[in-house]
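Residue-level structure breakdown
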Amino acid sequence: MSVETLPRLSVVEASRALDPELRARAEEMEDVRRLPADLAAKMAEAGLFRMVLPKYLDGLELPPREIVEAVEVLATANASAGWCAMIAATTAMNAAYMEASVAKDVYSDPNIITGGVFAPMGRAVVEGDGYRVSGRWQWGSGSANCSWLCGGCFIKEGDGFRLGPDGSPENRMMVFPAEDAELIDTWHVAGLKGTGSGDIAVSDIFVPKGRSVALAVDQPVADGALYKFPAFGLLALGVSAVAMGNARGALDAIIDLARNKKSQGSQKTLAERQIVQSDIAQLEADWRSARAYLYDEIDQTWAAALSEGEIPVDRRANLRLACTHMTRTGADICRKTYDIGGGAALFLGNELQRRFRDAHAATQHIV
């Protein structure tokens, strides 16, 4: 069998294959405050940034469960890597709303990395068959490795803002080459330090109308069931997948620590103490319960997406509830494992404090 005909690893398998390197380079990522370019390239080659991209653009167009599983595995190794993967992957959903010819211009390279910010922090003035765009966006995760970026903008028309169907100011995502943007080093934070989530700024650039999308209003050009799935529900899934994997990493870390650590004045390891056994068992049950709940809601929402018609609002709400529950539960688990770790968890070289910081950074996301 030639190399060309060898079966490709699934994204979940590819994520597991990256586990050792992602763990080994966690401190490096925190020091440089971004995802190193060579790691980003390996993740791109593994298809981790094409999970949401339509198949007709050589994307993987995966079911949501598989996307979440891949991000969970990455975040179990390293939450910042998982976060960068889910941001790049979900940003590629823009392609499903562009005309195929335009989307192919952006995604012509199979290992392309895109990123950006959905929040409408920019302004776009109608100009001919496009927009004149200026703005500055916070939280541009993974931007340093991107060839294309995007930013949400309110649409300025005449003396006011163009209104959408619901009467509120219309906002659209503007997609532009990364070389048109300035990356501003503002990412001096406690948690998810390795994501490089600094500011993105553009000034007076032109964006053709075809490279703008409104996920909440436009109808997708791609017709796969994935694009019936709520776009911001998919983003919420990404956040909760990172929280889920990060909490798993914290549980694994406290179990390893408990096998060897003895409290001052005690001859027993933490693992030999009944109260610690009970506490860790409860945390394990909390994690498994929240995870099972999340995957059940994913499966139910995906089943609705596969059927005819729109996904009901209550089904979307149930999905978001499970996402929020998993993210909050993950943060609680990381706080409690940090507490169990005692003084040892305080040191920067200890994994528990990083898991604690990353968990509480994830809870601050707007979704």
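The rules we used
Residues numbered from 1 in each chain as written. Predicted model: local features only at pLDDT ≥ 70, side-chain atom pairs only at ≥ 80, totals over all residues. Heavy atoms only, no water. Salt bridge = Lys/Arg side-chain N within 4 Å of Asp/Glu carboxyl O. Helix = DSSP H or I, 4+ residues; strand = E, 2+ residues; numbered from the N terminus. Buried < 20%, exposed > 50% of the residue type's maximum accessible area, 1.4 Å probe, protein only. Pairing = 2+ DSSP bridges. Core = buried A, V, L, I, M, F, W, Y, C linked by side-chain atoms within 4.5 Å. Expected span 1.5 Å × (residues − 1). Bend = angle between axes of the 7 residues up to and from the residue. Phe/Tyr/Trp six-rings, centres within 6.5 Å; stacked < 30°, edge-to-face > 60°. Lys NZ or Arg CZ within 6 Å of the ring centre and 35° of its normal. Contact = heavy atoms within 4.5 Å. Axes fitted to C-alpha atoms, helices over the stretch in contact; angles between N-to-C directions. Parallel < 35°, antiparallel > 145°, perpendicular 65-115°, else oblique. Nonpolar A, V, L, I, M, F, W, Y, C, P; charged D, E, K, R; others polar. pLDDT = per-residue confidence, 0-100. Polar contact = N/O pair within 3.5 Å; in protein donor to acceptor, adjacent residues only side chain to side chain.

The next subject is the pattern of salt bridges. A full pass over the atoms with the stated rule returns 25 salt bridges. Of the charged contacts in the structure, one is a salt bridge between Arg136 and Asp199, with a shortest N-O distance of 2.9 Å. Of this pair, Arg136 sits in strand β2 (residues 130-137) while Asp199 sits in strand β7 (residues 199-208); the two residues are 63 residues apart in sequence, bridging distant segments of the chain. Taking relative accessible area as the criterion, Arg136 reaches 44% and is therefore assigned partly exposed. It is possible to trace a salt-bridge network through shared partners that takes in Glu21, Arg25, Glu28, Asp38 and Lys42.

Across nine bridges, the pairing between strand β1 (residues 114-126) and strand β3 (residues 148-157) is parallel. When the bridges of β3 are listed, Arg123 appears paired with Phe154. Bridging between β1 and β2 involves five bridges; their strand directions are antiparallel. Each bridged residue has a counterpart across the sheet, and for Val125 the counterpart in β2 is Arg132. What sits between β1 and β2 in their antiparallel hairpin is a turn of three residues, with Gly128 showing a positive phi close to 60°.

Another aspect to go through is the environment of Ala303. With respect to the helices and strands, the residue Ala303 is situated in helix α8 (residues 274-306). For the pair Ala303 and Val367, spaced 64 residues apart in the sequence, the C-alpha separation amounts to 23 Å.

To continue, consider the nonpolar core. Ranked by internal contacts, the top residues of the largest apolar core, which has 118 residues, are Leu48, Met51, Val133, Met174, Phe176 and Leu237. Among the elements that take part in this core, helix α7 (residues 231-260) stands out by supplying 16 residues, more than any other.

Our next topic: unusual backbone geometry. Phi at Trp139 takes a positive value of approximately 70°, unusual for a residue other than glycine. By the secondary structure assignment, Trp139 is in the loop between β2 and β3. Non-glycine residue Asp204 carries a positive phi angle of around 60°. Along the chain, Asp204 turns up in strand β7. Taking the relative accessible area as the measure of exposure, Asp204 reaches 49% and is therefore partly exposed.

Alignment of β2 against β7, held across seven bridges, turns out to be antiparallel. Each bridged residue has a counterpart across the sheet, and for Val133 the counterpart in β7 is Ile205. Judged from the three bridges that link them, strand β6 (residues 182-184) and β7 form a sheet pairing that is antiparallel. Residue pairing across strands places Ile184 opposite Asp199, the latter belonging to β7.

Counted at 1.5 Å a residue, the expected span for helix α1 (residues 11-24) with its 14 residues is 20 Å, and the 20 Å between its end C-alpha atoms agrees. Along α1, the largest kink reaches about 45° and is centred on Leu18; proline Pro20 follows within four residues of it. Within α1, burial applies to Val11, Val12, Ala14, Ser15, Leu18, Asp19 and Leu22.

For the rest of this paragraph, the subject is the environment of Ala241. On the secondary structure map, Ala241 appears in helix α7. For Ala241, a relative accessible area of 0% gives the class buried. For the pair Ala241 and Cys323, spaced 82 residues apart in the sequence, the C-alpha separation amounts to 8.2 Å.

Scanning all chains against the criterion turns up six aromatic pairs. Centre to centre, the rings of Trp139 and Trp187 are 6.1 Å apart; their planes meet at 90°, and the pair counts as edge-to-face. Within this pair, whereas Trp139 is found in the loop between β2 and β3, its partner Trp187 is found in the loop between β6 and β7, the two being separated by 48 residues in sequence. On the numbers, 6.3 Å between centres and 55° between planes, the contact of Phe229 with Trp302 is tilted. Remark: Trp302 occurs in helix α8 and Phe229 occurs in the loop between β8 (212-213) and α7; sequence separation between them is 73 residues. Seen from the ring of Phe161, Lys156 lies directly overhead, with NZ or CZ sitting 5.9 Å from the centre. The positively charged end of Arg248 is found above the aromatic ring belonging to Trp287, 4.7 Å away from the centroid.

This next bit is on the side chain of Arg315. Position of Arg315 among the secondary structure elements: in helix α9 (residues 313-341). With relative accessibility at 10%, the residue Arg315 sits in the buried group. Apart from the residues lying within four places of it in its own chain, the contact partners of Arg315 are Glu297, Gln300, Thr301 and Ala304.

A few words on the packing of α1 against helix α3 (residues 37-45). At their nearest, the axes of α1 and α3 sit 11 Å apart, and the two run at 170° to each other. The angle between the axes of α1 and α3 places the two elements in the roughly antiparallel class. Between α1 and α3, the residues in contact are Leu18, Glu21 and Leu22 and Asp38, Leu39, Lys42 and Met43, respectively. When its residues are assigned to classes, the contact of α1 with α3 shows four nonpolar, no polar and three charged.

On to the confidence of the model for the protein. In the predicted model, the protein carries a mean pLDDT of 94, and the fraction of residues at 70 or more is 98%. When the criterion is pLDDT under 50, residues 1-6 qualifies, and its contacts beyond four places in sequence or with other chains add up to two contacts.

Before going further, it helps to examine helix α10 (residues 351-362). Compared with an ideal rise of 1.5 Å per residue, which puts 12 residues at 16 Å, α10 spans 17 Å between its outermost C-alpha atoms and is within 8% of the ideal. Three or more residues of α10 are buried, namely Leu352, Gln353, Arg354, Arg355, Arg357, Asp358, Ala359 and Ala362. Elements that come into contact with the buried residues of α10 comprise α1, α2 (26-32), α4 (64-77), α5 (79-91), α7 and α9. Of the residues that open α10, the one with a side-chain oxygen 2.8 Å from the backbone nitrogen of Leu352 is Asn350.

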